[in-house]
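In case you want the letters, here they are:
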Amino acid sequence: SIRRQRQMCIRDRNSTLMLDVDHFKDINDTYGHKVGDEVIRMVAGRLQSLTGDGTIFARLGGDEFCAIFQEPTSQSAVRLCESIIDVMKPEFATSACILQITVSVGCALYPEDVSEPDKLMEYADKALYVTKDRGRNGYTLFGSIDKTG
């Protein structure tokens, strides 16, 4: 259950990762919501292929997904982020056309980046927006963000 997973996350070292499909609105506007829905299902399927070893993915809504993974290190976070980028590289064959899809990812680790587990999504989202500001199609770990400005 969600409650059990949340309790597990609060008790253990874990990480939250947020991701958006880059330029998803353009896909919906150009090809229609049917194709947009197909893309979301295919993205979810590719993310599902990375599930395991304490990693759980969920769709938050629209083109937003998140993941929780246990016992993170910055190295394991980088590996997961790179795996997500890599799994999206093959073309997406929709009913209307073939698309190249990229994603933007942000990741925050507990307790390294945040002292309160309830802030993990907020910090991962901040890292996600750094990725978007840097041009998308990549990832940012919250710990690597310059927080002085």
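Look a little higher up for the structure.
Here goes a summary of the coordinates provided. (Residues numbered from 1 in each chain as written. Predicted model: local features only at pLDDT ≥ 70, side-chain atom pairs only at ≥ 80, totals over all residues. Heavy atoms only, no water.)

Let's talk about the overall build of the chain
The condition is simple: Numbering goes from the N terminus for both helices and strands, where a helix is a DSSP run of H or I of at least four residues and a strand is a run of E of at least two. A radius of gyration in this sense is built from C-alpha atoms; the matching globule rule multiplies 2.2 Å by the number of residues raised to 0.38. Each residue gets one of three labels from its accessible area relative to the maximum for its type: buried under 20%, exposed over 50%, partly exposed in between, using a 1.4 Å probe on protein chains only. Residues are treated as being in contact if the distance between any of their heavy atoms lies within 4.5 Å. Areas reported as accessible are Shrake-Rupley estimates using a 1.4 Å probe. Residue values count occlusion only from the protein chains shown. Charged-residue counts in this description rest on Lys and Arg as positive and Asp and Glu as negative, His and the chain ends being excluded. Every charge is mapped to an atom, namely NZ of Lys, CZ of Arg, CG of Asp or CD of Glu.
Regarding its fold elements, the chain presents five helices and seven strands. Relative to its length of 149 residues, the chain is compact, with a C-alpha radius of gyration of 15 Å against a globular reference of 15 Å. The principal-axis extents of the C-alpha atoms in the chain amount to approximately 45 × 40 × 20 Å. A buried classification covers 44% of the 149 residues belonging to the chain. By sequence separation, contacts in the chain at least 24 residues apart represent 66% of the contacts at least 6 residues apart. For the chain, the exposed surface amounts to about 8100 Å²; the carbon and sulfur share of it is 49%. When the 18 positive and 22 negative side-chain charges of the chain are each reduced to one mean point, those points stand 3 Å apart.

Some thoughts on helix α3 (residues 33–48)
Rules: Helix span, expected: 1.5 Å multiplied by one less than the number of residues in the helix.
Taking 1.5 Å of rise per residue, the 16 residues of α3 would be expected to cover 22 Å, and the 22 Å separating its terminal C-alpha atoms lies within 8% of that figure. Within α3, the full set of buried residues consists of V35, G36, E38, V39, I40, V43, R46 and L47.

Considering the packing of aromatic side chains
Filter applied, for reference: Aromatic pairs are defined between Phe, Tyr and Trp rings, using the six-membered ring for Trp, whenever the two ring centres lie within 6.5 Å; interplanar angles under 30 degrees are classed as stacked, those over 60 as edge-to-face, and all others as tilted. For a ring to carry a charge above it, either NZ of a lysine or CZ of an arginine must fall within 6 Å of the ring centroid while also lying within 35 degrees of the normal to the ring plane.
Throughout the structure, instances matching the rule amount to one aromatic pair. Its end group placed over the ring of F92, R46 keeps NZ or CZ at 3.6 Å from the ring centre. Above the plane of the ring of Y123 lies K126, whose end atom (NZ or CZ) is 5.1 Å from the centre.

Topic: the pairing of strand β6 (residues 103–110)
Looking down a regular strand, the side chains alternate between one sheet face and the other. What counts here: Any two strands between which DSSP finds at least two bridges are classified as paired.
A large share of β6 lies buried, amounting to eight of its eight residues. Of the two faces of β6, the one lined by V103, V105, C107 and L109 and the one lined by S104, G106, A108 and Y110 are each fully buried. Examined bridge by bridge, strand β1 (residues 14–21) and β6 share eight bridges and lie antiparallel to one another. Bridging across to β6, V21 finds its partner in V103.

Overview of the pattern of salt bridges
So the rule is basically this: A carboxyl oxygen of Asp or Glu within 4 Å of a side-chain nitrogen of Lys or Arg is what we treat as a salt bridge.
One pass over the structure, following the stated rule, counts five salt bridges. Here D29 makes a salt bridge to K25, at a shortest N to O gap of 2.6 Å. Linking D29 with K25, this pair stays in helix α2 (residues 24–31), spanning four residues, or about one helical turn. The salt bridge involving K126 is made with E122; its shortest N-O contact spans 3.5 Å. Of this pair, K126 and E122 both sit in helix α5 (residues 120–133), four residues apart, which is roughly one turn of that helix. Where salt bridges share partners, they join K119, E122 and K126 into one cluster.

Brief notes about the side chain of T94
Assignment of secondary structure puts T94 in the loop between β4 (92–93) and β5 (98–99). Apart from residues no more than four positions distant in its own chain, T94 is found in contact with V35, E38, V39, M42 and L99.

What about the side chain of S76?
Formally: Counting of polar contacts relies on pairs of N or O atoms within 3.5 Å, with two restrictions inside protein: one atom must be capable of donating a hydrogen and the other of accepting it, and residues adjacent in sequence are counted only when both atoms are side-chain atoms.
As for its placement among the helices and strands, S76 is situated in helix α4 (residues 74–87). Within the local environment of S76, its side chain forms a polar contact with the backbone nitrogen of T73, the two atoms lying 2.8 Å apart. S76 has contacts with F69 and E71, leaving out every residue within four places of it along the chain.

These results come straight from atomic positions and should not be treated as a statement about function.
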